[in-house]
Every structure is written in structure tokens, then in C-alpha cells.
Amino acid sequence: MSTVTTLPAFAFSSPEEWSDLPSDEGRRYHCTLTMFPHGSTYGEGPTCGLGWNFCYRIRGETIYQSAVNQATLEIFFFPGPISSFPLDPRLRKVDVRTSAEVLVNGKAIVKPGAASFTLPRNNEQLTLTSHLFKKGFTIAHLERIVLDINISLLRAPHNHTAAITPIQNPSHSALILQTLNGHNMVDTAFILSTGNRLKEVYGISSLLRGKSTILDSVLDGRMLDGSVVGWDYDDDSDLEDDDDAVVKQIGLGLTDMGSDSGSGASTTSASTAAEDLPYVPLTADAVHEIADAAYKTWRGMMQFIYTGTVAFAHIGDRSSERPSPKSMYRLADSLGIPQLKEKALSTIQDHLNTQNVVQEAFSLFTSRSSGRRDRILKGERG
């Protein structure tokens, strides 16, 4: 008589838990999942961790009441699209470790399992462990599977194969720079904050792709929460104090963050604000909100990708239209653009003097990384 498959029962034996790894190198997830097969040869556990389902499957000529020569128990999961990823986007290396205690006919069998990979990854099966049951096994003998799950997310180095090459044709460079204001060739836009209002930067996706895996993820719409940097930086001089909050449009009815009606800030109607803005008919999936980088920083980063050059404001100068080298270093480090990161660091070193060196040595910026203070003060590059 063939097996009658029933829905398996599952339970979390321990609460799901996220914790930070030492030295701010990543995060760790842990839970214990108990599976009660109840005669089923396949079971898919509830969503846990990064939105994954851990599963078991028994392969072979498994008959419910009759013993078989052999059958194989597999425990696996599919590391497909992450449904919710409230983490530093640079945490791309995934290390999965499991311990499966399989109870068969009252006897416990413990099997360790492991898998390592780098995000993003296609939705393909990864087997954690397997066990071969020999002659005499029936599906009814499988009583329980207790799966202890540990997932570590680590910062992975950026693998860059394409260097950023400046465009040699001056007229071509001038044309591309015009796209930052929304002229011609535009097929994407980014919404960023200047401080108290939102502002758009327009781009050509084909020229931006291939320079950064994180930037590619933004263009593909995979960074839904708009977080590309992954750590806060309250003293960002690229965020100006701007009381003239205005409503902007990109031909799609996109608006600014809004303002408190009691704050006294003036608000311009969308039609008035749009007079100075080029009409760019973009689809919704081509417009990307960036939550943790300033308008001037992002615009400067795009200019560097297009032309290989960017000029910085002096450290602490909020009045300049140029981006801050510290803000740019932070963005370039997160996106994995080493040439831009080096240029920003070199500018910071050039701006140090006897009046500001102590303040910069103990600033929030230098405290974010062990060794960054030494590199800045010693004049090292990297």
C-alpha cells in the first residue's frame, strides 16, 4: 500500500533570535525547528531566518508499511530572494551551519550540515546533510527531526573586474553630465534628501551598471528599503539646512517628504516646482529612493563613474555645492568603488592641518573603523 501523504507538523523549539557578531563584522541568526513527519516523505518548514524554508525529503522506494532495501533522508533549503533584509547591504557572505537530530524507532541519529555562498544567489537547492537508511526502514519509523539552525552573515569583499575608465571625448562627457539634470538618454532616476527636501538625480543605467554590485542591486529594484550604506552618519555635511521645502515631480507625480504646516516652511505647488524640472517619462520601477545617502554625495558618485573626476568641498563646509570627501568615502566604501574611495581619502588627508587634526582624529567618521584613524593621520592610502 502506497504512502498517504499528510501535512507534517512543525514547531520552533527555541525562539528565533538575531545577534551581532563581534567587531561589527556581521550578524547571526539562530533557531531550532522541530519537524514531525507523520508518515510524509516531504516537508517544508515555516519561513524563518532570511525568508527561507528548510525542508526534508526521503528518496527511494519508500512504502508506508513495508521495509525497503534503502532510503535517503535529505535536509535542504532554497536560498532564493530574501523577503525582508533589514541589515547592512554589505553583509553578502552567508554561512549556514545546522545540526539535525533524527529520531528513528526511538534511536537518535545526529547529522551536522553546512553550506556557504555569496548573495545574491539563484533559487537553487542547497543540501545541508543526508542520511542513508538501510534494509528494514519504513517511513513510519521516522518520528521526529530536530534541526538547529545557525546563519551567519559576513561582510564579503567586492570582486571588481571592471575598472572605471574616464570618457575621453569631451563632447560626450559634456552630454553625459547634462543627464544629471534630466536631459536626453535618461532611463532612471534617484530620489535623495538634501536635508529638508527631496531632490532628483537622473542617470543612464547602462553607464552605471557593472561598477558596483550594490548599485546594480539598486537599479534592479532589489534594495526596497533604500538603504545602501548600512550605517548611520548623523554629522553628514552634505545634508544642508534647507527651510525651502518644495514639491518635485518627475512626470510621475512623485512628491517630497512633506513638511509640518506649523513649521513656517513655505511650500510650492507641484505645478510651479515642475516648471524648472525637465519632464522625464519614467516608469515607477526606474525610480529609486535612496534613504541613507545625501543628494550631493550621490550626484558626485555618479559624476565620477561617468567622467572619472569629482571635486570635493573642504571638510565641514556645508555651503559648498561640492560633496564632502568624508560622505563620499562612506558611500564609495559601501558601494565598493575603490578608486573613488581612495580619491576621497586622499582629499581628507590633504585637508588636515594643525587646527583640525585633533578634531578629525576623534570624530565619528574615524571611529567607524579600526585603522581608519591611523590611515588618515599617517597619510597612508587604502
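Residue numbers restart at each chain and count upward from 1, following the sequence in its written direction. Confidence filtering applies because this is a predicted model: local features only for residues at pLDDT of at least 70, side-chain atom pairs given and counted only at 80 or more, and all residues used for totals across whole chains, interfaces and linings. Calculated side-chain values reflect all of the structure's heavy atoms, with hydrogen atoms and water omitted.

*Asks:* Quick question: what am I supposed to make of the sheet that holds strand E5 (residues 71-77) here?
*Replies:* Note: strands within a sheet are paired through backbone hydrogen bonds, in either parallel or antiparallel orientation. Note: two strands are recorded as paired if DSSP finds a minimum of 2 bridges between them. Numbering of helices and strands runs from the N terminus; a helix is a DSSP stretch of H or I covering at least four residues, while a strand is a stretch of E covering at least two. Overall, antiparallel pairing links the four strands, which are arranged E3-E4-E5-E8 in an open sheet. Two strands lie at the open edges of the sheet, namely strand E3 (42-44) and strand E8 (126-133), each paired on one side alone. Across the sheet, the mean angle from the axis of one strand to that of its neighbour is 15°, orientation sign disregarded. As paired strands, E3 and strand E4 (residues 54-59) are joined by three bridges and run antiparallel to one another. Geometry is summarised by axes, namely lines fitted to C-alpha atoms with helices restricted to the contacting stretch, and by angles between N-to-C directions that run from 0 to 180 degrees.

*Asks:* Just checking my understanding: could you explain the environment of Asn169 for this structure?
*Replies:* Following the sequence through the fold, Asn169 ends up in the loop between strand E9 (142-155) and helix H1 (170-178). Burial here depends on accessible area, computed with a 1.4 Å probe over protein chains only, as a share of the maximum for the residue type. Under 20% is buried, over 50% is exposed, and the range in between is partly exposed. By relative accessible area, which is 38% here, Asn169 ends up partly exposed.

*Asks:* Sorry, what's going on with the pairing of strand E6 (residues 91-104) here?
*Replies:* Walk down a regular strand and you will see the side chains alternate between the two sheet faces. Burial runs high along E6: ten of the 14 residues are buried. Alignment of E6 against E9, held across 13 bridges, turns out to be antiparallel. For Val96, the partnering residue across the bridge sits in E9 and is Ile151. For E6 and strand E7 (residues 107-118), the ladder comprises twelve bridges, and the chain directions are antiparallel. Bridge pairing links Ser99 to Pro112 in E7.

*Asks:* Explain the pattern of salt bridges here, please?
*Replies:* Side chains carrying opposite charge are able to pair once their charged atoms draw close together. Put simply, a salt bridge is a Lys or Arg side-chain nitrogen that is within 4 Å of an Asp or Glu carboxyl oxygen. Applying the stated rule across the entire model yields nine salt bridges. Across the pair Glu74 and Arg59 runs a salt bridge whose closest N-O atoms are separated by 3.1 Å. On the criterion of sequence distance, the pair formed by Glu74 in strand E5 and Arg59 in strand E4 is long-range, its members being 15 residues apart. The exposure class assigned to Glu74 is buried, which follows from its relative accessible area of 14%.

*Asks:* Please clarify how the packing of helix H6 (residues 325-335) against helix H7 (residues 338-351) should be interpreted in this entry.
*Replies:* Packed helices, taken two at a time, are described by the angle their axes make and the gap between the axes. Relative orientation of the contacting elements H6 and H7 amounts to 155°, with a least axis distance of 8 Å. By the criterion of interaxial angle, the relationship of H6 to H7 is roughly antiparallel. The handedness of the crossing between H6 and H7 is left-handed. Counted together, Pro325, Lys326, Met328, Tyr329, Ala332 and Asp333 of H6 and Leu340, Lys341, Ala344, Leu345, Thr347, Ile348 and His351 of H7 form the full contact between these two elements. Angle categories are assigned with fixed cut-offs, so that under 35 degrees is roughly parallel, over 145 is roughly antiparallel, 65 to 115 is roughly perpendicular, and the rest are oblique. Rotating anticlockwise by less than a right angle from the far helix to the near helix defines a left-handed crossing, while the corresponding clockwise rotation defines a right-handed one. Contact definition: two residues touch when any of their heavy atoms are within 4.5 Å.

*Asks:* What exactly am I supposed to notice about unusual backbone geometry here?
*Replies:* Trans is the common state for peptide bonds, and a negative phi is the common state for residues other than glycine. Located in the positive-phi region is Asn105, a residue other than glycine, with phi close to 55°. Along the chain, the position of Asn105 falls in the loop between E6 and E7.

*Asks:* For this particular structure, what's the right way to read empty space enclosed by the protein?
*Replies:* In this approach, a probe sized like a water molecule rolls over the atoms, and the result shows the empty space that is left. Buriedness of a pocket was judged along seven lines, with at least five required to meet protein on both sides within 12 Å; pockets are open sets of points on a 1 Å grid over the protein atoms alone, cavities are sets where a 1.4 Å probe fits but cannot get out, and lining residues have an atom within 4 Å of a point. Grid points are joined across faces, edges and corners, and a volume is the space filled by probe spheres set on the points. Taken as a whole and assessed by the stated rule, the structure comprises one cavity of 30 Å³ or more. Here the largest cavity is characterised by a volume of approximately 30 Å³. Along its surface, the largest cavity is lined by Leu73, Ile75, Ala100, Val102, Lys111, Thr129, Ser130 and His131. Put simply, the parts of the chain that give the lining of the largest cavity at least two residues each are E5, E6 and E8. Per-element tally for the lining of the largest cavity: the top contributor is E8, with three residues.

*Asks:* Would you mind showing me how to read the nonpolar core here?
*Replies:* Most often, soluble globular proteins keep nonpolar side chains buried together rather than apart. Among the nonpolar cores identified, the biggest contains 37 residues, and Phe190, Trp298, Met301, Met302 and Leu340 are the most heavily contacted of them. Residue contributions to this core peak at seven residues, all from helix H5 (residues 295-307). Not counting chain neighbours up to four residues away, the residues in contact with Trp298 comprise Phe190, Leu192, Leu215, Val228, Ile290, Ala293 and Leu331. One finds Phe77, Ala100, Ile109 and Leu147 within the second-largest nonpolar core, a separate group that totals 35 residues. By nonpolar core is meant a set of buried Ala, Val, Leu, Ile, Met, Phe, Trp, Tyr and Cys residues that side-chain atoms within 4.5 Å join together.

*Asks:* What should I look at first to understand the environment of Lys211 in this one?
*Replies:* Note on placement: Lys211 falls in the loop between helix H2 (205-208) and helix H3 (213-219). Residues Lys211 and Ile337, 126 residues apart in the sequence, show an inter-C-alpha distance of 7.2 Å. Pairs of N or O atoms are called polar contacts if they sit within 3.5 Å, as long as, within protein, a hydrogen donor faces a hydrogen acceptor (for residues adjacent in sequence, only side-chain-to-side-chain pairs). Only 3.3 Å separates the side chain of Lys211 from the backbone oxygen of Leu207, close enough to count as a polar contact. Within polar-contact distance, the side chain of Lys211 engages the backbone oxygen of Arg209 at 3.4 Å.

*Asks:* For this particular structure, what's the right way to read the packing of aromatic side chains?
*Replies:* When we look at a pair of aromatic rings, we describe it by the centre distance and by the angle of the planes. Paired rings are identified among Phe, Tyr and Trp, the last through its six-membered ring, by centres lying within 6.5 Å, and are further divided according to the angle between planes into stacked (under 30 degrees), edge-to-face (over 60) and tilted (the rest). Going through the model one piece at a time under the given rule, you end up with nine aromatic pairs. On the numbers, 6.5 Å between centres and 35° between planes, the contact of Tyr42 with Phe76 is tilted. Of this pair, Tyr42 sits in strand E3 while Phe76 sits in strand E5, placing them 34 residues apart in sequence. The class of Tyr42 is partly exposed, set by a relative accessible area of 34%. By relative accessible area, which is 0% here, Phe76 ends up buried. Measuring from ring centre to ring centre gives 5.2 Å for Trp52 and Phe77, while their planes differ by 35°; the resulting arrangement is tilted. Taken together, the positions of Trp52 in the loop between E3 and E4 and Phe77 in strand E5 put the pair 25 residues apart, joining distant regions of the chain. The exposure class assigned to Phe77 is buried, which follows from its relative accessible area of 0%. A network of ring pairs unites the aromatic residues Trp52, Phe54, Phe77 and Phe117 as a single cluster.

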